[in-house]
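Observations on the model geometry
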Amino acid sequence: MVKMTHKSVLSFSSYCSYSSRRGMPFLHSTPLVALFHSQSSNPTKSGETHRGVSNVEDALKVFDEMLQRRPLPSVVRFTQVLAPLVKLKHYPTVLSLNSQMLLSGIRPNHYTLNITINCYCRLNRMDYALSVLAHFFKLGLQPNVATLTTLIHGFVLQNRVADAARVFRKMVVGGHCQPDVVTFNTLIKGFCAIGNNTAAIQLLGKMEANGCQPDTITYNTIIDSLGKDTLVELNLFSEMVGRGIAPDLVTYTSLIQGVCNLGQWKEATRLLYEMASQGIFPNVFTFTILVDAFCKDGMVVQAKNVVQIMIQRGIEPDTVTYNSLMDGHCLRGEMDKAKQVFDLMVTEGSMVDVQSCNILINGYCKQKKIDKAYKIFKEMPLRGLVPGTVTYTTLIDGFCKAGRLQEAEKLFSEMQDCGQLPDVQTYNVILDGLCNNQQLSEAIEFLREMEGSKLKPDVVTYNIVIEGLCNAGEVQFAKDIFCGLSPKGVQPNVRTYTIMISGLCKGGLLVEAEEMLREMEQKGCSPDGCTYNTIIRGYINNNDTSRATSLIEEMSERGFSRDACTMELIVDLLSKDTVDPVLLAWLKDKV
C-alpha cells in the first residue's frame, strides 16, 4: 500500500479537527490500531509474463524467429510464446499465431487447443470454442478437465449459466473427465453471478460426494454473493473454518460487507478484531466498505475515524473512500463539510473524478443551492472531467425543482450538443418540472417527442404526466393516457392506479374510483396503504362517510394503517354533529 505524504496526513487531520470523540469503541481502540500496525503494509508485486515475452512485439519477434528454424521447435516451445499473450489479453493475436502454427504443420497438443478455446470464449465466440472440440477427436485426443472447465467459464462469462451447467452434468455423467475444484468454483461463480445462491450452495454440498474438496475461493464466492443479497453468511463461514479452510482477506472483507449491509456494527467490530488477530490486515477496499456503510447510515463521525485509522496504517484512502465520505456529509445536508472533503481531494491531485462531482452537485441540488452546483459543473472541464448523463440529469432536476425551467431546457440542449445522450431519467425529470410548473401542454409535447424516439417512456414517465393532468383537473385526458398504457406494453403499477384513483376522487367520480380499486386487484396489482388512504379520503371529502368506514374496515383487515391526512379527516368528523350516531360510535372505536 502506498503511504500518504506528510502533507496528506496534515490535510485530513485539519478536516477532521472538528470531529467529536464519540462513536463506536473499536474506532478509538488502541489495541485494534496496534494490531493493524503489527505488520507493515507492503505493495503487492505484480506478476511477470513469460521470460523474454513482455509485450506483443517481443512475442511476434520470438515467434517469427522460431518459425525460421529448421527443424521447427516443438509445439511446447510455441505454446510458451502464446501463453503470456493470453495473460496480456491479446486474444486475436493468439488465434492468428495459432493459425500460422497449423499452416506450418505444427501439430497442436491439449494445452494449445485449450488456449484456443479460451481465446474464443474471451471473445464471446462460443460457437467457435465448441468447434475446437472436433479438433481434439480428429487428432485422437480427449478433452480434459481444463478443456471443459474453460468451456464452462466461457458460458459463465456470457451469463449462459444453464449451458455451463449442462457441460458440467455431462462431465459428471460421462465419468472419464470428472470436475475438479476449479470446475466447481467456476460454475458456483456463475450461479452467484445470476443471483442463484441456492444452486451455488447445493453445488457446494455435492463437492465431497464427487471426491472434490472445496477451497477458500469456493467459500469466498458464495459468502460474497450472500452478503450482497443481505443474507446471513456466518454459518457458512463457521463451516469453512470447521473444515480447516483458512479464511483470507477476501473472506473477511466479504463478511464485513455483509454485516455492514445489515447494520450489524458489533459484528463488524468482532470481525475486524478477529482478522487482525489472525494476521490478516484490512486493505483500502475493506476500510472503504466500512466508510461507505457508516456514511449510508448517517454515522459520518465514525466513518472519518475509520479514515484516520487507514492513515495511521499508512494506507492511502482512494477516490472511492473520499467519495463515500463526501456522500455521507451530503446525505446529512452538511454541504460545507462535503466541500471540505472535495477540496482535500483536489489538493491531493487527480483524486476527483466524475462521480465526486456528481455527489457534490446532487448534494447542492437537494439543498436548493443550484448556483453552487452549477459552479462545480462548469469547473469539471477545467479538471479534465467530462460531465456524463448522470451529471446533466442531476443538474437539470435541480433547475426544474427550483422552477428555473429555461435553464433546465438550455442544459438539456447543451447536453445533446456535447454528445451526451439523455436517458429515460433525464426525460422524466424534465417532465416532472414541466408538470409541477403547470406547463402541461409543453409536457404532453415533450412526452410525444419521447414516444417518437428510440428511447421509450417507462411507467414512471406516464405516472408523472398522469399525475400532472389529474392535479390540473384534466381527469379525462389522464384516463385516456392511462387506458393507452397496456397497448404500448407499459403495465400500470400501484402508483399509477393510486394517482388515477386520487384524480377520480378529486373529480367527484367515486364510483369510477372504486371500480378502478377493484380492477387493479383483478389485474394482479394489489392496492397498498396509500391506495386505500387515498380513496377513503375521497369518500370522506365527498361526504360519503358510510362507504369510507367500510373501506377503513377493509384496509385494517389487510394490515394497512390510516395515515396522518386520513386521521386528520376522521378526527374532524368526530367533532361534527352531522355524522350518523352509529357511524360516529364505530369511528370512535376504530380511532
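Notes on the structure in this doc start here. As the structure is a computational prediction, the values presented were derived from the model and not from experiment.

1. A closer look at the side chain of Glu-554
- With respect to the element layout, Glu-554 can be found in helix H31 (residues 545-557).
- Those residues in contact with Glu-554, other than ones at most four positions away along the chain, are Arg-518 and Tyr-532.

2. Considerations on a negative patch on the surface
- A contiguous patch of negative charge on the surface is contributed by Glu-409, Glu-442, Glu-445 and Glu-449.
- Examining the composition of the negative patch, we find that 3 residues originate from one element, helix H25 (residues 440-451), more than from any other.

3. Structural notes on the layout of surface pockets
- The space that makes up the largest pocket amounts to roughly 390 Å³.
- Around the largest pocket, the lining is made up of 15 residues, and of these Val-86, Asn-114, Asn-118, Arg-122 and Thr-150 lie nearest the centre.
- Where the lining of the largest pocket is concerned, the elements lending two or more residues are helix H4 (75-87), helix H6 (110-122), helix H8 (145-157) and helix H10 (181-193).
- In terms of residues, the lining of the largest pocket owes the most to one element, H6, which gives 5 residues.
- Grouping the constituent residues of the lining of the largest pocket by class yields 6 nonpolar, 6 polar and 3 charged.

4. Observations regarding the packing of helix H26 (residues 459-471) against helix H27 (residues 475-483)
- The geometry of H26 relative to H27 is characterised by a closest axis approach of 7 Å and an angle of 160° between their N-to-C directions. Between H26 and H27, the angle is such that the two are roughly antiparallel. The interaxial crossing formed by H26 with H27 has left-handed handedness. The segment H26 lies against H27, with Tyr-462, Val-465, Ile-466, Leu-469 and Cys-470 engaging Val-475, Phe-477, Ala-478, Ile-481 and Phe-482.
- Across the contact of H26 with H27, the residue classes break down as 10 nonpolar, no polar and no charged.

5. Some remarks on the pattern of salt bridges
- Here the structure, examined in full by the defined rule, presents 23 salt bridges.
- Taking the shortest distance from any N to any O, the salt bridge between Arg-332 and Glu-334 comes out at 2.9 Å.
- On the basis of relative accessible area, Glu-334 is assigned to the buried category, the value being 18%.
- With a shortest N-O distance of 2.7 Å, Arg-558 and Glu-521 are connected by a salt bridge. Of the two residues, Arg-558 is situated in the loop between H31 and helix H32 (564-574) and Glu-521 in helix H29 (residues 510-522); the sequence distance between them amounts to 37 residues.
- Overall, the relative accessible area of 37% leaves Arg-558 in the partly exposed class.
- Since its relative accessible area comes to 29%, Glu-521 is described here as partly exposed.
- Each of Glu-514, Arg-518, Arg-547 and Glu-554 takes part in one network of salt bridges that share partners.

6. Focus: the environment of Val-172
- Here Val-172 is to be found in helix H9 (residues 161-174).
- Judged by its relative accessible area of 30%, Val-172 falls in the partly exposed class.
- Along the backbone, Val-172 and Asn-210 are 38 residues apart, and their C-alpha atoms lie at a distance of 8.3 Å.

7. Considerations on the environment of Ser-561
- Mapped onto the elements, Ser-561 comes out in the loop between H31 and H32.
- With sequence-adjacent residues up to four places away left out, Ser-561 is seen in contact with Asn-533 and Met-555.

8. Topic: the state of the cysteines
- Taken as a whole, this structure holds 0 disulfides when the rule is applied.
- Cys-119 forms no disulfide, and the closest cysteine sulfur to it belongs to Cys-121, at a distance of 9.2 Å.
- Taking relative accessible area as the criterion, Cys-119 reaches 0% and is therefore assigned buried.

9. Details of the nonpolar core
- Counting residues in each nonpolar core, the largest one holds 150 residues, and the members touching the most others are Ile-361, Ile-396 and Ile-466.
- If sequence neighbours within four positions are ignored, Ile-466 has contacts with Ala-478, Ile-481, Phe-482, Leu-485, Thr-496, Ile-499 and Met-500.
- Met-66, Leu-85, Val-86 and Tyr-91 belong to the second-largest nonpolar core, a separate cluster that totals 19 residues.

10. So, the packing of aromatic side chains
- Applying the stated rule across the entire model yields 13 aromatic pairs.
- Ring centres of Phe-412 and Tyr-427 lie 5.6 Å apart, and the angle between their planes is 75°; this geometry places the pair in the edge-to-face category. Within this pair, whereas Phe-412 is found in helix H23 (residues 405-417), its partner Tyr-427 is found in helix H24 (residues 424-436), the two being separated by 15 residues in sequence.
- A relative accessible area of 7% places Phe-412 in the buried class.
- In this structure an aromatic cluster arises from ring pairing among Tyr-374, Phe-377, Tyr-392 and Phe-399.
- We note Arg-125 situated over the ring of Tyr-128; from NZ or CZ to the ring centre the distance is 4.2 Å.

Conventions and cut-offs
Residues numbered from 1 in each chain as written. Predicted model: local features only at pLDDT ≥ 70, side-chain atom pairs only at ≥ 80, totals over all residues. Heavy atoms only, no water. Helix = DSSP H or I, 4+ residues; strand = E, 2+ residues; numbered from the N terminus. Contact = heavy atoms within 4.5 Å. Patch = residues over 30% accessible without salt bridge, like charges linked within 9 Å, V, L, I, M, F, W, Y side chains within 5 Å. Areas by Shrake-Rupley, 256 points an atom, 1.4 Å probe, with all protein chains shown as cover. Salt bridge = Lys/Arg side-chain N within 4 Å of Asp/Glu carboxyl O. Lys, Arg positive; Asp, Glu negative; His and termini not counted. Charge placed at Lys NZ, Arg CZ, Asp CG, Glu CD. 1 Å grid on protein atoms, 1.4 Å probe; cavity = no way out; pocket = protein on both sides within 12 Å on 5 of 7 lines; lining within 4 Å. Points joined across faces, edges and corners; volume = space filled by probe spheres on them. Nonpolar A, V, L, I, M, F, W, Y, C, P; charged D, E, K, R; others polar. Axes fitted to C-alpha atoms, helices over the stretch in contact; angles between N-to-C directions. Parallel < 35°, antiparallel > 145°, perpendicular 65-115°, else oblique. Left-handed = near helix turned anticlockwise from the far one by under 90°. Buried < 20%, exposed > 50% of the residue type's maximum accessible area, 1.4 Å probe, protein only. Disulfide = S-S within 2.5 Å. Core = buried A, V, L, I, M, F, W, Y, C linked by side-chain atoms within 4.5 Å. Phe/Tyr/Trp six-rings, centres within 6.5 Å; stacked < 30°, edge-to-face > 60°. Lys NZ or Arg CZ within 6 Å of the ring centre and 35° of its normal.

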